[in-house]
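# Close look at the chain arrangement
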Amino acid sequence: MNNFVIGWVKTVTDVFSKAKRSKVMSLIRGKENKATELALIGLFKNSHITGWRRNQKLFGKPDFVFKKEGIAVFVDGCFWHGCPIHETVPKTNMLFWVKKINTNKKRDKKVNLYLRRNGWKVVRIWQHEIKKLHSKKLLQKALGLH
Ligand SMILES: [Zn+2]
C-alpha cells in the first residue's frame, strides 16, 4: 500500500501499485479531458454561444478556437496542469509526478507566449471553474467575448 498526498498535506492510502497508479492516472487524464470538454460544449450550447471550433491545427492544440475573434481556449485539468487549489500529487513516485506537472506548466507558458505573439488571445479555464460558468454572461466574460 502506498500513500497518496492531496495538496501536499493530506494523505490517503493508495490502493494501487506504482505501475498500476501510472496506468490509472493516464486513464483518468483522458477521461477528465473528455468530460471537461463536453461540459464546456454543453454550456456553450445552453448559452447559445457560437463560433467555436474544436480540433483546430494550432500550436498547443487549444480545446476550443474562436477563429473570428482570435481566441484560443484551453480547459486545464486541475491535476495535470498543477492548479494551485487542487494540486494532488501521488506520494508514490512523487518526484516523477512533480516533474511531469512542472513540465506541463512550462509547456503551457510556452504555448501562451507563442500564440500571443501570433496575435491570439489565450484563455485558460481551470477544470474547477467550469461549474461556475453557468450563465451566458459569466461565460462571455471568462472567454473575453463581447
Ligand atoms: Zn482546481
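Report follows, based on the coordinates. (Residues numbered from 1 in each chain as written. Predicted model: local features only at pLDDT ≥ 70, side-chain atom pairs only at ≥ 80, totals over all residues.)

### As for the overall build of the protein
Helix and strand content of the protein: 3 helices and 7 strands. When the helices and strands of the protein are listed from N to C terminus, the series reads β-β-α-β-β-β-β-α-β-α. C-alpha extents for the protein along the principal axes are approximately 50 × 30 × 25 Å. The burial tally for the protein puts 18% of its 146 residues in the buried class. Of the contacts made within the protein by residues no fewer than 6 positions apart, 57% connect residues no fewer than 24 positions apart. (Helix = DSSP H or I, 4+ residues; strand = E, 2+ residues; numbered from the N terminus. Buried ≥ 20, exposed ≤ 12 C-beta atoms within 10 Å, placed from the backbone. Contact = placed C-beta atoms within 7 Å.)

### Comments concerning helix α2 (residues 94–117)
If you check α2, its first and last C-alpha atoms are 35 Å apart, about what 24 residues at 1.5 Å a residue would give, namely 34 Å. Taken as a whole, α2 has its buried residues at Trp-97, Val-111 and Leu-115. Contacts from the buried residues of α2 go to β5 (71–76), β6 (88–90) and β7 (121–126). (Expected span 1.5 Å × (residues − 1).)

Purely spatial values, then, with no claim about function.
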